[in-house]
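Descriptive analysis of the structure
Read off the chains here:
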Amino acid sequence: MCGFLFTKNVEKKDFSIALDLMEHRGPDDTGIKKIYEFILGHKRLSILDLDKRSSQPFKASDNKTHIIFNGEIYNFKELKKRFNLKTRTTSDTEVLVELYLKIGEKVLDHLNGMFAFVIFNTETKDTFIARDRLGIKPLYYYEKGNKAIFSSEISPVLNLISNLEYDLIGIRQYIKVRTFFRGHTIYKNIKIFPAGYYMK
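These notes cover the structure that comes with them. (Residues numbered from 1 in each chain as written. Predicted model: local features only at pLDDT ≥ 70, side-chain atom pairs only at ≥ 80, totals over all residues. Heavy atoms only, no water.)

1. As for the pairing of strand S7 (residues 127-131)
- Among the 5 residues that make up S7, 5 are buried, leaving the element largely enclosed by the rest of the structure.
- The two faces of S7 match: Thr127, Ile129 and Arg131 on one face and Phe128 and Ala130 on the other face are all buried.
- Here strand S6 (residues 113-121) pairs with S7 via 5 bridges, running antiparallel. Residue pairing in the sheet places phenylalanine 117 in a bridge with alanine 130 of S7. (Buried < 20%, exposed > 50% of the residue type's maximum accessible area, 1.4 Å probe, protein only. Helix = DSSP H or I, 4+ residues; strand = E, 2+ residues; numbered from the N terminus. Pairing = 2+ DSSP bridges.)

Here you go:
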C-alpha cells in the first residue's frame, strides 16, 4: 500500500509525527529526507525488492532527483528493457524515476499500473507530481497562500494545519452519495488530486 508526505517549511519532528499517522499503510520502513526547506517522507509496505536498498525517498542515479511513490508499475520490467535503463535494484520505483530522468513527463504515456508519486530535483527544486488514470491510489493536497502539502491521506495534513474550515459542498456530497466530486473533501483547502493528472 505505502503512504507518503511532501511539504516544506515544517520542523522535522512535527513532520515525523504527521507521517507516523500513516503507519498502517507502510509498517516495513520509514524514510524522511529534508532538502533545504523541503521535506519528503515515506511509509513503506515492501512488495517488490524487499531489500532496504529500495526504501524511499529513493535517490536516482543523477544524485539530484528523489522520488516518493505509492503503487505498482506492472510493466516496469518491460520498460527497463525497452529503454535500456541501468538500475541498482529490482524495484519498479527505480525504473519509474530513471525513466522520468530519460523522457520527462512523457513517462506517464508508458506506465501500466496504479500510482501516485512525487519526484523532486534537489538542484532545480523542480517538482513533478502525478496520479494514475483511474485514481486507484489516493492523493490529497492542501494549498493556501504559499503553503502546500501533498499526502496519501488527509490525517497528516490535519496534523500539520490547524483551524481548517469545513467544506459544506463536500459534506453535502458525502451525505447524499457517500463520495466526493470535483476534488472536494469535507475540509476547505484540502482537495483530492484528480485522477489522470500531473502537475509541475
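Here the narrative resumes.
2. Looking at the sheet that holds strand S5 (residues 65-73)
- Judged by pairing direction, the sheet is antiparallel, and its 5 strands sit side by side in the order S4-S5-S6-S7-S11 without closing on themselves. The open sheet has two edge strands, strand S4 (58-59) and strand S11 (198-199), and neither has a second partner.
- Of the strand pairs in this sheet, S7 and S11 are connected by 2 bridges, and their pairing is antiparallel. Within S11, the residue paired with alanine 130 across the bridge is tyrosine 198.
- Set on the sheet, helix H3 (residues 92-103) makes contact with S4, S5, S6 and S7; between it and S5 the angle comes to about 125 degrees. (Contact = heavy atoms within 4.5 Å. Axes fitted to C-alpha atoms, helices over the stretch in contact; angles between N-to-C directions.)

3. A closer look at the environment of glutamate 23
- Tracing the sequence through the fold places glutamate 23 in the loop between helix H1 (12-19) and strand S2 (29-35).
- Here glutamate 23 falls in the partly exposed class, since its relative accessible area comes to 35%.
- For the pair glutamate 23 and arginine 44, spaced 21 residues apart in sequence, the C-alpha to C-alpha distance is 8.6 Å.
- If we ignore the near neighbours within four places in the chain, the residues touching glutamate 23 are Thr30 and Lys43.
- Separated by 2.5 Å, the side chains of glutamate 23 and lysine 43 make a polar contact. (Polar contact = N/O pair within 3.5 Å; in protein donor to acceptor, adjacent residues only side chain to side chain.)

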